[in-house]
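Remarks on the overall topology
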Amino acid sequence: MDVTLRQLAAYAAVARAASFTAAAGEMHMSQSSLSRAVAELERTLGTRLLERDTRNVQLTPAGVEALRVADQILSTHRAGIAQLGRFLAGERGAVALATLPSLAAVLLPPVISAFRARRPEVTVRILDGLERAALERVADGDADFAVSTVARPRTPGLELRPLVRDRFEAVLPEGHRLAERPEVTWRELGGEPFLAVGADSSVRRMTDTAFAKAGVEARPAAEAANVATVGGLVAAGLGVSAMPALVHPLVPPGAWVRRPLVEPTVERHLHVVLPLRRALPPGARAFLEQLEEFRGSAYRLPEGVSWDEGS
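Remember, it's a predicted structure, so these values are computed and weren't measured experimentally.

A separate point is the overall build of the protein chain. For the protein chain, the count of helices and strands is ten helices and 13 strands. Here the C-alpha atoms of the protein chain give a radius of gyration of 32 Å, more than 25% beyond the 19 Å that 2.2 N^0.38 yields for 311 residues. Once the C-alpha set of the protein chain is aligned to its principal axes, its extents read approximately 105 × 35 × 30 Å. Residue pairs at least 24 apart in sequence account for 73% of intrachain contacts in the protein chain once pairs closer than 6 positions are excluded. Of the roughly 16000 Å² of accessible surface on the protein chain, 51% is carried by carbon and sulfur atoms.

As structure tokens, this is what we get:
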């Protein structure tokens with residue numbers, strides 16, 4: 001049964017107004033076009049919906065039911081179009097963001113809070129995990145984009161936009177002999193029992209590289225996947241560690257201190273990672289706009305962390 005929205009809207013206008021003339025004015029249609037649309041609807045349905053004379057328009061029993069159904073269909077259509085409009089404007093839907101635990105816990109919460117205050121109908125899904133998992137989720141389409149470190153600057157199928165950078169620092173037990181220094185070298189750190197983050201972590205990859213550049217073979221005295229666990233071990237006096245500045249808020253308060261690491265100075269660069277061959281949903285674009293707004297504002301980053309403007 002080929003009934004169109006135009007026919008239903010024309011019929012509903014006539015039925016409510018009980019007048020072709022008044023309905024034509026409401027619909028901004030000529031009276032002949034309106035009459036034709038109603039006649040086509042009646043022909044398609046195979047029944048009369050209206051009884052007409054020179055002065056009056058009355059609904060038949062079929063017309064009463066047709067008006068009920070037409071109003072229901074037109075209301076659903078208007079609501080659906082309104083929802084689509086809000087989705088296209090980035091005001092409803094969902095954002096799936098893959099990121100590192102340190103970013104999920106430290107950098108992103110104020111951005112998400114501001115975003116949700118403006119767009120309460122957009123759900124934000126945070127997929128936190130290691131660097132490789134974050135990039136795979138973008139490539140596979142599970143995440144709209146990622147905020148992560150990237151081992152290789154040029155990664156096929158992905159676009160990288162610099163976001164923030166943070167400097168590696170020594171994490172030392174209170175009272176440790178190196179804690180008296182204003183800064184610590186990687187060679188000095190490598191001479192102590194070293195507590196490492198798990199081998200799959202981007203932090204571990206960077207500390208191993210830094211020790212190699214310093215000509216030190218730092219064999220971990222112990223390692224743990226979670227930086228909070230490593231921090232607890234340091235605070236207990238079991239050894240020293242090295243962490244980028246952004247993860248320090250994740251380490252529980254305790255008897256530990258942080259000092260800048262030098263020779264070499266090592267910075268971790270974090271990027272927004274976007275798919276090259278897939279358009280972002282409107283909500284995801286709106287989230288990135290919110291992130292850029294934070295970059296351009298006076299929002300204060302944790303000590304040792306700065307916005308990365310790229311090269």
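Read on for the rest.
Counting 33 residues, the largest nonpolar core has Phe168, Leu172, Trp186, Leu189 and Leu261 as the members making the most contacts within it. Among the elements of the structure, β6 (158-173), α7 (186-190), β8 (194-197), α8 (202-213), α9 (227-235), β10 (241-244) and β11 (256-262) are those that each provide at least two residues to this core. Aside from chain neighbours lying at most four places away, what touches Trp186 is Phe168, Thr207, Ala210, Phe211, Ala214, Val216, Ala242, Leu261, Val262, Glu263, Pro264 and Val266. In terms of nonpolar packing, the next biggest core, distinct from the first, is built from 31 residues, Val95, Val122, Ala245 and Leu291 among them.

Turning our eyes to something else, we now look at the environment of Arg167. Within the secondary structure, Arg167 sits in strand β6. According to the relative accessible area criterion, Arg167 is partly exposed, its value standing at 27%. Remark: the alpha-carbon pair of Arg167 and Leu261, spanning 94 residues in sequence, is separated by 8.2 Å. Apart from the residues lying within four places of it in its own chain, the contact partners of Arg167 are Met243, Pro244, Ala245, Pro260, Leu261, Val262, Thr265, Val266, Glu267 and Gly304. A polar contact is formed between the side chain of Arg167 and the backbone oxygen of Leu261, at a distance of 3.4 Å.

This part covers the packing of aromatic side chains. Where two aromatic rings form a pair, the distance of their centres and the angle of their planes describe that pair. By the definition in use, this model includes six aromatic pairs. Centre to centre, the rings of Trp186 and Phe211 are 5.1 Å apart; their planes meet at 90 degrees, and the pair counts as edge-to-face. A residue pair is termed long-range when its members are at least 10 positions apart, and Trp186 in helix α7 and Phe211 in helix α8 qualify at 25 residues. Residue class for Trp186 comes out buried when judged on its relative accessible area of 0%. Consider the rings of Phe194 and Phe211, whose centres lie 5.0 Å apart with planes at 90 degrees: the pair is edge-to-face. Placement of the pair is Phe194 in strand β8 and Phe211 in helix α8, with a sequence separation of 17 residues. In this structure Phe194 comes out as buried when scored by relative accessible area, which is 4%.

Buried within helix α6 (residues 131-140) are the following residues: Glu131, Ala134, Leu135 and Val138. Taken end-on, α6 shows its buried residues confined to a sector of 95 degrees, consistent with a single buried face. Seen from the buried face of α6, the exposed residues on the opposite side, beyond 90 degrees, are Arg132 and Asp140. On its buried face, α6 sits against β3 (92-99), β5 (145-148), β6, α8 and β12 (267-275). Positive backbone phi, approximately 90 degrees, marks Gly141, located one or two places after α6.

Packing of helix α1 (residues 5-17) against helix α4 (residues 61-88) leaves a shortest axis separation of 9 Å and a crossing angle of 125 degrees. Considering their axes alone, α1 and α4 lie oblique with respect to each other. For the crossing formed where α1 meets α4, the hand is left-handed. Of the residues in α4, those touching α1 at Leu5, Leu8, Ala9, Tyr11, Ala12, Ala15 and Arg16 are Gly63, Val64, Ala66, Leu67, Ala70, Asp71, Ile73, Leu74 and His77. Broken down by class, the residue content of the contact of α1 with α4 amounts to twelve nonpolar, two polar and two charged.

Here we take up α1. Spanning 13 residues, α1 covers 18 Å between terminal C-alpha atoms, matching the ideal 18 Å at 1.5 Å per step. Taken together, the buried positions of α1 are occupied by Gln7, Leu8, Ala9, Ala10, Tyr11, Ala12, Ala13, Val14 and Ala15. Those residues of α1 that are buried lie in contact with α2 (20-27), α3 (31-45), β1 (50-52), β2 (57-59) and α4. Of the residues trailing α1, Ala18 is marked for its positive phi of about 55 degrees.

Quick notes on the rules
- Residues numbered from 1 in each chain as written.
- Predicted model: local features only at pLDDT ≥ 70, side-chain atom pairs only at ≥ 80, totals over all residues.
- Heavy atoms only, no water.
- Helix = DSSP H or I, 4+ residues; strand = E, 2+ residues; numbered from the N terminus.
- Rg over C-alpha atoms; globule rule 2.2 N^0.38 Å.
- Contact = heavy atoms within 4.5 Å.
- Areas by Shrake-Rupley, 256 points an atom, 1.4 Å probe, with all protein chains shown as cover.
- Core = buried A, V, L, I, M, F, W, Y, C linked by side-chain atoms within 4.5 Å.
- Buried < 20%, exposed > 50% of the residue type's maximum accessible area, 1.4 Å probe, protein only.
- Polar contact = N/O pair within 3.5 Å; in protein donor to acceptor, adjacent residues only side chain to side chain.
- Phe/Tyr/Trp six-rings, centres within 6.5 Å; stacked < 30°, edge-to-face > 60°.
- Arc of directions from axis to C-beta.
- Axes fitted to C-alpha atoms, helices over the stretch in contact; angles between N-to-C directions.
- Parallel < 35°, antiparallel > 145°, perpendicular 65-115°, else oblique.
- Left-handed = near helix turned anticlockwise from the far one by under 90°.
- Nonpolar A, V, L, I, M, F, W, Y, C, P; charged D, E, K, R; others polar.
- Expected span 1.5 Å × (residues − 1).

In short, geometric facts, not functional conclusions.
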